[in-house]
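# Results of the structural survey
What follows is the residue order along each chain.
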Amino acid sequence: MTNHIVHKEVVTLDFYKPEYKWQLENYYLPQEQLKYTSLPLDAIAECEKEAGCHPVVILFHHSPAGFFVLHEWEGVKEYSDNRDAILLRAFSVHFSFQGKGIAKQSLMLLPSFVKKHFPNKNEIILAVNHMNKAAQHVYKKSGFKDKGLRVMGKKGELFILHMSL
């Protein structure tokens, strides 16, 4: 498999809209990735029950190729006392789109997306499982920093990563 270089204009971020639902119904992740994240439609259902939860679709050539949730204070408080932080969670790229640089490009777009839609936020944080080396690598290459904070999660130790805005 060759690595494709993804140009900025083909990867964009958009808040979830009902018209994306049918394209997310066949979203596939292998079991070894699913143990660390949620499928988009499951995460969206959770967001409907929680305040300050914002599902976001990663678009590749205007079609959903990935997904994540931005969660305000209710999500953040488990990992940080910074009320001006926002939590990135449930991040994934559909299996058939992996290896094209879409994850990294979407994370590079994330700071400006957060600044535009959540101007009062000064930090993005995330929790990544200590066993999920591939995700840790992508997050760190995209500008997230490990300040040494650890939290015990349902599936083991979590590394809390930070990105200042």
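Look up a bit, the structure's there.
Note that this is a predicted model, so its numbers are computed, not measured. (Residues numbered from 1 in each chain as written. Predicted model: local features only at pLDDT ≥ 70, side-chain atom pairs only at ≥ 80, totals over all residues. Heavy atoms only, no water.)

## Points about helix α6 (residues 133-141)
- Along α6, the residues classified as buried are Ala-135, Gln-136 and Tyr-139. Projected onto a plane normal to the axis of α6, the buried residues spread over an arc of 100° and lie on a single side. Counted as exposed and oriented over 90 degrees from the buried face of α6: Lys-133, Ala-134 and Lys-141.
- In this structure, the buried side of α6 is in contact with β4 (85-93), α5 (102-117), β5 (123-129) and β7 (156-164).
- Gly-143 sits one or two residues past α6 and shows a positive phi near 110°. (Buried < 20%, exposed > 50% of the residue type's maximum accessible area, 1.4 Å probe, protein only. Helix = DSSP H or I, 4+ residues; strand = E, 2+ residues; numbered from the N terminus. Arc of directions from axis to C-beta. Contact = heavy atoms within 4.5 Å.)

## Notes on α5
- With 16 residues, α5 ought to run about 22 Å at 1.5 Å a step, and its terminal C-alpha atoms sit 21 Å apart, in line with that.
- In the structure, α5 departs most strongly from a straight axis at Leu-110, where the bend amounts to approximately 35° and where the proline Pro-111 lies between one and four residues downstream.
- For α5, the set of buried residues is Ile-102, Ala-103, Gln-105, Ser-106, Leu-107, Leu-110, Pro-111, Phe-113 and Val-114. (Expected span 1.5 Å × (residues − 1). Bend = angle between axes of the 7 residues up to and from the residue.)

## Comments concerning the pairing of β7
- In terms of burial, β7 is largely enclosed, as seven of its nine residues are buried.
- Relative to β7, β5 is paired through seven bridges, and the arrangement is antiparallel. Within β7, the position partnered with Leu-126 by the bridge is Leu-161.
- In terms of strand pairing, strand β6 (residues 145-153) meets β7 through six bridges, oriented antiparallel. Following the sheet pairing, Lys-145 is matched in β7 by His-162.
- In this structure, the hairpin formed by β6 and β7 is closed by a connection of two residues. (Pairing = 2+ DSSP bridges.)

## Brief notes about the pairing of strand β3 (residues 63-71)
- Counting buried positions along β3 gives eight out of nine residues, so the element sits mostly inside the fold.
- By the bridge criterion, eight bridges tie strand β2 (residues 53-60) to β3 in an arrangement that is antiparallel. Along β3, the bridge assignment pairs Val-56 with Phe-68.
- Where β2 folds back on β3, the antiparallel hairpin that results is connected by two residues, among which His-61 adopts a positive phi of roughly 55°.

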